[in-house]
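Descriptive structure summary
Spelled out, the chains give:
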Amino acid sequence: MRSVDITAVISVEEIGRLLQIFYRKTLSGLPFPKAFYPSGGTLYPVQVYLRLSELVGSDLSGYYYYNPLEHQLVRLGDLTQNDCSSLMPVQLFLVADFAVVEPLYGDLSNTLCQAEAGYMAQLIESSLASSITLTRVKNNNFSNIHDVLKLNKSHCLLQVYEGGICTDSVVQLPDLMLTHANRKSYRAYENLLVLDDLYKCLSALQHRASIEPLYCSYYVYLRHDCTSLAGKVLKAGAYSYDAKNNLLVLVGIGSNDLISLGENALIEAGSGFVILMVNHCEANITNALFESGFNGQLLSNIGLTLGVGFCAIGNLNQHVARKLLQLSEEDVVVHALIGGKINSQQMETVCTEKSPINIEKLLGDYVKEALPEYMVPGFYVLLDEIPLTSNGKVDRKALPEPDISALEAMYVEPRTEIEQILCNVWRKLLNVETVGVYDHFFKLGGNSLLAIRLASEIREQFIKDDVEVSLRFIFENPFIAALAEFIAMKIKEQKLKKNESELVATAKVELEEGTL
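Structural notes, computed from the coordinates. (Residues numbered from 1 in each chain as written. Predicted model: local features only at pLDDT ≥ 70, side-chain atom pairs only at ≥ 80, totals over all residues. Heavy atoms only, no water.)

Quick look at the pattern of salt bridges
Here the structure, examined in full by the defined rule, presents twelve salt bridges. The shortest N-O distance in the salt bridge between glutamate 485 and lysine 323 comes to 2.7 Å. Residue glutamate 485 is located in helix α16 (residues 480-513), and its partner lysine 323 is located in helix α9 (residues 318-325); the two are separated by 162 residues in the primary sequence. A salt bridge links glutamate 419 to arginine 415; the nearest nitrogen and oxygen atoms lie 2.8 Å apart. Its relative accessible area of 4% is what places glutamate 419 among the buried residues. (Salt bridge = Lys/Arg side-chain N within 4 Å of Asp/Glu carboxyl O. Helix = DSSP H or I, 4+ residues; strand = E, 2+ residues; numbered from the N terminus. Buried < 20%, exposed > 50% of the residue type's maximum accessible area, 1.4 Å probe, protein only.)

So, unusual backbone geometry
Notably, tyrosine 44 is not glycine yet its phi reads approximately 50°, a positive angle. Despite not being glycine, aspartate 466 has its phi angle at roughly 55°, a positive value. Within the secondary structure layout, aspartate 466 lies in the loop between α14 (448-461) and α15 (471-476).

Here's the deal with the nonpolar core
Among the nonpolar cores identified, the biggest contains 68 residues, and Phe22, Leu92, Leu248 and Phe273 are the most heavily contacted of them. Residue contributions to this core peak at seven residues, all from helix α3 (residues 109-126). The contacts of phenylalanine 22, once residues within four sequence positions are left out, are Tyr37, Val48, Tyr66, Pro68, Leu92, Met120 and Ile124. In terms of nonpolar packing, the next biggest core, distinct from the first, is built from 30 residues, Cys423, Val435, Ala455 and Ala481 among them. (Core = buried A, V, L, I, M, F, W, Y, C linked by side-chain atoms within 4.5 Å. Contact = heavy atoms within 4.5 Å.)

Observations regarding α14
One turn of the α-helix equals 3.6 residues, which is why residues spaced by three or four share an orientation. The terminal C-alpha atoms of α14 lie 20 Å apart, and with 14 residues this matches the ideal 20 Å at 1.5 Å per residue to within 8%. When we look at burial in α14, the residues that qualify are Leu450, Ala451, Leu454, Ala455, Glu457 and Ile458. Burial along α14 is one-sided: seen end-on, the buried residues are contained in an arc of 165°. Opposite the buried face of α14, by more than 90 degrees, sit the exposed residues Leu449 and Glu460. The N-cap of α14, judged by a side-chain oxygen 3.1 Å from the amide nitrogen of leucine 449 a few residues on, is asparagine 447. (Expected span 1.5 Å × (residues − 1). Arc of directions from axis to C-beta. Polar contact = N/O pair within 3.5 Å; in protein donor to acceptor, adjacent residues only side chain to side chain.)

Quick notes on helix α2 (residues 98-105)
Listed as buried for α2 are Phe98, Val101 and Tyr105. Relative to the axis of α2, the buried residues are bounded by an arc of 80° and lie together on one face.

Let's talk about a nonpolar patch on the surface
A cluster of nonpolar residues, Val381, Leu383, Ile386, Leu388, Val394 and Leu399, forms a patch on the protein surface that exposes about 480 Å² of accessible area. Its location among the elements puts leucine 388 in the loop between α11 (359-370) and α12 (405-409). On the basis of relative accessible area, leucine 388 is assigned to the exposed category, the value being 52%. (Patch = residues over 30% accessible without salt bridge, like charges linked within 9 Å, V, L, I, M, F, W, Y side chains within 5 Å. Areas by Shrake-Rupley, 256 points an atom, 1.4 Å probe, with all protein chains shown as cover.)

Side note on the packing of aromatic side chains
On inspection of all chains with the given rule, the structure shows eight aromatic pairs. Arranged with centres 6.3 Å apart and planes meeting at 40°, the rings of phenylalanine 290 and phenylalanine 294 form a pair that is tilted. Of this pair, phenylalanine 290 and phenylalanine 294 are both found in helix α8 (residues 285-306), four residues apart, which corresponds to roughly one turn of the helix. A single burial state applies to phenylalanine 290 and to phenylalanine 294, both of which are buried. Ring centres of phenylalanine 442 and phenylalanine 475 lie 5.5 Å apart, and the angle between their planes is 25°; this geometry places the pair in the stacked category. (Phe/Tyr/Trp six-rings, centres within 6.5 Å; stacked < 30°, edge-to-face > 60°.)

Examining the packing of α2 against α3
What describes two packed helices is the angle between their axes and the distance between those same axes. Put simply, α2 and α3 touch, their axes get as near as 9 Å, and they point 135° apart. Regarding the angle of α2 to α3, the classification is oblique. As for how α2 packs across α3, the hand of that crossing is right-handed. For the pair formed by α2 and α3, the contact residues are Phe98, Val101, Glu102 and Tyr105 on the first element and Ser109, Asn110, Leu112 and Cys113 on the second. Considered class by class, the residues forming the contact of α2 with α3 number five nonpolar, two polar and one charged. (Axes fitted to C-alpha atoms, helices over the stretch in contact; angles between N-to-C directions. Parallel < 35°, antiparallel > 145°, perpendicular 65-115°, else oblique. Left-handed = near helix turned anticlockwise from the far one by under 90°. Nonpolar A, V, L, I, M, F, W, Y, C, P; charged D, E, K, R; others polar.)

Considerations on the packing of helix α6 (residues 195-211) against α8
Across the interface, α6 lies against α8 with an axial gap of 9 Å and an inter-helix angle of 145°. Here the hand of the crossing between α6 and α8 comes out right-handed. Here Asp197, Lys200, Cys201, Leu202, Ala204, Leu205 and Arg208 of α6 lie close against α8, whose contacting residues are Phe294, Asn295, Leu298, Leu299, Ile302, Gly303 and Leu306. Along the lines of polarity and charge, the residues of the contact of α6 with α8 split into nine nonpolar, two polar and three charged.

Notes on the pairing of strand β14 (residues 273-279)
In terms of burial, β14 is a largely internal element, seven of the seven residues being buried. Of the two faces of β14, the one lined by Phe273, Ile275, Met277 and Asn279 and the one lined by Val274, Leu276 and Val278 are each fully buried. Two strands pair when backbone bridges link them, and strand β9 (residues 217-222) and β14 are joined in this way by six bridges, in the antiparallel orientation. Bridging from a neighbouring strand, tyrosine 219 pairs with leucine 276 of β14. Where β14 and strand β16 (residues 332-342) come together, seven bridges link them in antiparallel fashion. The residue bridging valine 278 from the neighbouring strand is valine 333, located in β16. (Pairing = 2+ DSSP bridges.)

Points about the side chain of aspartate 439
Mapping aspartate 439 onto the fold places it in the loop between α13 (417-430) and α14. We note that aspartate 439 is buried and unpaired, the nearest opposite charge coming from arginine 427 at a distance of 8.5 Å. Polar side-chain contacts of aspartate 439 include one of 2.6 Å to the backbone nitrogen of glycine 436. (Lys, Arg positive; Asp, Glu negative; His and termini not counted.)

Some thoughts on the pairing of strand β3 (residues 62-67)
Examined bridge by bridge, strand β2 (residues 46-52) and β3 share four bridges and lie antiparallel to one another. Within the sheet, the bridge partner assigned to leucine 52 lies in β3 and is glycine 62. Here five bridges tie β3 to strand β4 (residues 72-77), and the two strands are oriented antiparallel to one another. If you follow tyrosine 66 over to β4, its bridge partner there is leucine 73. Linking two consecutive strands that pair antiparallel, namely β3 and β4, is a turn of four residues; a positive phi of about 55° is found at histidine 71 within it.

Structure, rendered in structure tokens:
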């Protein structure tokens, strides 16, 4: 823990340097302002509030909201005798506004907010940009926080930090970090990852484990064989991470399965590895989510110094992940980072005013982050204007048909009997002529009502095998290939149970007849 001088005067400039880690910068080539840390759907629901005591200066003392778009403090009110007082000159509050995320993410809102708070907390604790050092406050009751910060019912206090001027030497934010902050997360990689660099990244988790216990278990899914400078080779496959010894322990060799869904699957396919953070205890879920964001930012920061880039993802195929990592149904992958050696061309592609803007791609990227997978449109058609009826409503009949030639080029025909059955069901429900095993149910015109009918059709088609597919599984795995694999596995399990029951029945009869 760093030493703090609570009597030292804190200038407005110092507070500004502290808050710049939350500043959302508007860049050409990006549809919305971007912060130094990731946020689900680029919504940034976690907001920053401050309490500055009179130790900072009587003119500055009071409560403030930080506006990350203007990099300005908005004064909320003066200090009161009954407020959540502290001996420290600065208190910083991370507050989630669930009204921002719940319309899009529903029950996932808390997950997104807790992880985002973790990302922000790591930047606070690293003290990269300011001589102000803050420490997290644990187990404190701020019962009047909604009143003094003028919050409403949709707000929830997530974390509190407090501190002042650090008397120890501090690390200033490197130019390298600021350069990387001017771009999106890294999504293109080279197949040149050195095992030593991966271990250097993971050593950050070893250091964290020496400070406080880890709530998550960490796994690494190597997409390719990885070789160290000394010639040691780790084969492609799944590994658990032993934080005590900074060691990867083999779980299972080789697999071409993709853990990510949607566009993230394409990013993962070209990556070097995926780091997965797993929670094993429901009672620890809040701490695990916060930790996943905290350590996600920690790994990202260290990776940049090694030329290793990360892309945070939250849309995961839990079924595939559990199978790959040999987890139980109660285990949940709370967060994941796609990573690899940063593509040299992407290193040079920083968003600038000269960057060309591909409206269709930008819109698609944003919608994929802002909407659940089953709500993401399959096509985007750009129009000079929307055709309207005489009543001023959208004239849907006048809208042009989307060009699906690109999708048809990716067609993969059914390869098994189960895939063929599912293709026939999809054609019937979606009223389309051609369906491939990697086509997306919702992008072909599916919706929640058709998904319910799909689950019913699957139950009817495989009634003799006593197989059912839940609606949630369809939403998480809207591809024929994934559904067919799941159904085949269930059929195999049913056959094993049936054989086991028959053997038990036979043994019982033989026992009764005295022939056993």
